[in-house]
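Residue-level listing of the chains:
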Amino acid sequence: MKFIIDHIFLIGIVLLSGGALLWPALTMRGKTASALQATQMMNRGKAIILDVREVAQFAAGHVREARNIPLGELKSRLGELEKSKSRTIIVVCQKGTRAAAAAKTLEKAGFEDVVCLDGGLGAWQTLGLPVAKS
């Protein structure tokens, strides 16, 4: 007990820094799908792939049949996805961080089922899944 009282400041710093490291994992935004789950959704024909990376990144390699709408343009181009409101939309970016922001935008716009690809295109490629180039 004396140790805790003598080192309360250091213990506080350790707890605060540990909490800061865990915060992103604990506050996962929205639903995620692994590459295998996304592939299954695509094979069933019930999912649309939305790639929110920039045009140059998309051209370098993307999931087959993915639509490219960069995150910065998403709000102004939501009309392009209007017919797909009732379908599952799988949002893809490079690592999975921009996809969460795009998913929030889509959910606010009334899209019913929005899923982020866990790990993004990087995880997709790591598993050796096919990538198209345009």
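Residues numbered from 1 in each chain as written. Predicted model: local features only at pLDDT ≥ 70, side-chain atom pairs only at ≥ 80, totals over all residues. Heavy atoms only, no water.

So, the environment of K104
Among the secondary structure elements, K104 is positioned in helix α5 (residues 97–108). Considered as a pair, K104 and A132 are 28 residues apart in the sequence and their alpha carbons are 27 Å apart. (Helix = DSSP H or I, 4+ residues; strand = E, 2+ residues; numbered from the N terminus.)

Considerations on the pairing of strand β4 (residues 88–92)
Of all the five residues making up β4, five are buried; the element is thus mostly covered by neighbouring parts of the structure. Two elements, strand β2 (residues 47–51) and β4, share five bridges in a ladder whose sense is parallel. Each bridged residue has a counterpart across the sheet, and for I48 the counterpart in β4 is I89. As defined by bridge partners, β4 adjoins strand β5 (residues 113–117) across four bridges and the pair is classed as parallel. The residue bridging I89 from the neighbouring strand is V114, located in β5. Taken together, β4, α5 and β5 constitute a β-α-β crossover, and its handedness is right-handed. (Buried < 20%, exposed > 50% of the residue type's maximum accessible area, 1.4 Å probe, protein only. Pairing = 2+ DSSP bridges. Right-handed = clockwise from strand over helix to strand, strands pointing away.)

Considering the pairing of β2
Counting buried residues in β2 gives five out of five residues, a clear majority hidden from the surface. Here β2 shows two buried faces, one formed by A47, I49 and D51 and the other by I48 and L50. Relative to strand β3 (residues 67–68), β2 is paired through two bridges, and the arrangement is parallel. Within the sheet, the bridge partner assigned to D51 lies in β3 and is N68.

With respect to the environment of D118
Checked against the element boundaries, D118 lands in the loop between β5 and α6 (120–126). Excluding anything up to four places from it in sequence, D118 contacts T32, A33, S34 and A123. (Contact = heavy atoms within 4.5 Å.)

Observations concerning helix α3 (residues 35–43)
Where α3 is concerned, the buried positions are A35, A38 and M41. One side of α3 holds all its buried residues, which, seen down the axis, span an arc of 120 degrees. Turned more than 90 degrees from where α3 packs its buried face, L36 and N43 sit exposed. Looking at the buried side of α3, the elements it contacts are β1 (31–33), β2, β4, β5 and α6. Looking one or two places after α3, you find G45, whose phi comes out positive at around 75 degrees. (Arc of directions from axis to C-beta.)

A few points about the sheet that holds β1
Across the sheet, which stays open at both edges, the five strands sit in the order β1-β5-β4-β2-β3 with parallel pairing between neighbours. Every other strand in the sheet has two partners, leaving β1 and β3 as the edge strands with one partner each. Pairing of β1 with β5, which is carried by three bridges, proceeds in the parallel orientation. Looking at the pairing, T32 lines up with C116 of β5. Against the sheet, α3 touches β1, β2, β4 and β5, its axis set at about 90 degrees to β1. (Axes fitted to C-alpha atoms, helices over the stretch in contact; angles between N-to-C directions.)

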